[in-house]
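Residues per chain, in single letters:
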Amino acid sequence: MTHFTEVSPALLENDDALNKRDWPGADVKARVAHTVVVLALAAAAALLPWPAFAQLPPHAPGTICVTQFFWCWAQPPGPPGYACGCPSQYGFVPGYLG
């Protein structure tokens, strides 16, 4: 008599759901392909554009107003670190003199 907890070896060899050759990534080619895809995605993510904080033109201190996403020429210039603002299509954007 066979109990539900017993599994015959013949069932394990013939059952497609338990056959390791059918599992995704079980063979070397699939693992290599998976690794290549993951590395390609990581490289693509590393190349995504980030906010350009350091891309300011040469300027005298206090003549550029720096906001979170862009900069503008300060009108009027002042001491570095003071509050300023840049006009945008959505209104006044606060920043600081740099």
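Residues numbered from 1 in each chain as written. Predicted model: local features only at pLDDT ≥ 70, side-chain atom pairs only at ≥ 80, totals over all residues. Heavy atoms only, no water.

In terms of regular secondary structure, the protein chain is built from two helices and four strands. When the helices and strands of the protein chain are read in sequence order from the N terminus, they spell out α-α-β-β-β-β. Within the protein chain, the proportion of its 98 residues that are buried is 13%. In the protein chain, the proportion of contacts linking residues at least 24 apart, taken out of those at least 6 apart, comes to 20%. Roughly 8,300 Å² of accessible area belongs to the protein chain as shown, and the carbon and sulfur atoms make up 68% of that amount. (Helix = DSSP H or I, 4+ residues; strand = E, 2+ residues; numbered from the N terminus. Buried < 20%, exposed > 50% of the residue type's maximum accessible area, 1.4 Å probe, protein only. Contact = heavy atoms within 4.5 Å. Areas by Shrake-Rupley, 256 points an atom, 1.4 Å probe, with all protein chains shown as cover.)

Of all hydrophobic cores here, the largest spans six residues; its members are C65, C72, A74, C84, C86 and L97. Each residue touching C72, except ones within four places of it in the same chain, is listed here: T63, I64, C65, G85, C86 and P87. (Core = buried A, V, L, I, M, F, W, Y, C linked by side-chain atoms within 4.5 Å.)

Inspection of the sheet shows strand 3 (residues 83–88) paired to strand 4 (residues 91–97) by six bridges, in the antiparallel sense. Following the sheet pairing, C84 is matched in strand 4 by G95. Connecting strand 3 to the antiparallel partner strand 4 that follows it, the hairpin turn spans two residues. (Pairing = 2+ DSSP bridges.)

A word on the sheet that holds strand 2 (residues 71–73). As summarised here, the arrangement of the four strands in space is 2-1-4-3, forming an open sheet in which the pairing is antiparallel. Two strands bound the open sheet, and with one partner strand each, they are strand 2 and strand 3. Sheet twist, expressed as the average angle between the axes of neighbouring strands with direction ignored, equals 45°. Here three bridges tie strand 1 (residues 64–66) to strand 2, and the two strands are oriented antiparallel to one another. Its bridge partner lying in strand 2, V66 is registered against W71. (Axes fitted to C-alpha atoms, helices over the stretch in contact; angles between N-to-C directions.)

Take the state of the cysteines next. Going through the model one piece at a time under the given rule, you end up with two disulfides. What pairs with C65 in a disulfide is C84, and their sulfur atoms sit 1.9 Å apart. Given an S-S torsion of about 95°, the disulfide between C65 and C84 has right-handed geometry. Here C84 lies in strand 3 and C65 lies in strand 1, a separation of 19 residues in the sequence. Among the residues examined, C84 registers a relative accessible area of 16% and is labelled buried. (Disulfide = S-S within 2.5 Å.)

Turning our attention to the environment of Y96. Position of Y96 relative to the elements: it lies in strand 4. Judged by relative accessible area, which is 45%, Y96 ranks as partly exposed. Sequence separation between Y96 and I64 is 32 residues; the distance between their C-alpha atoms is 8.3 Å. Excluding its chain neighbours within four sequence positions, the residues that come into contact with Y96 are I64, C65, V66, G81, Y82, A83 and C84.

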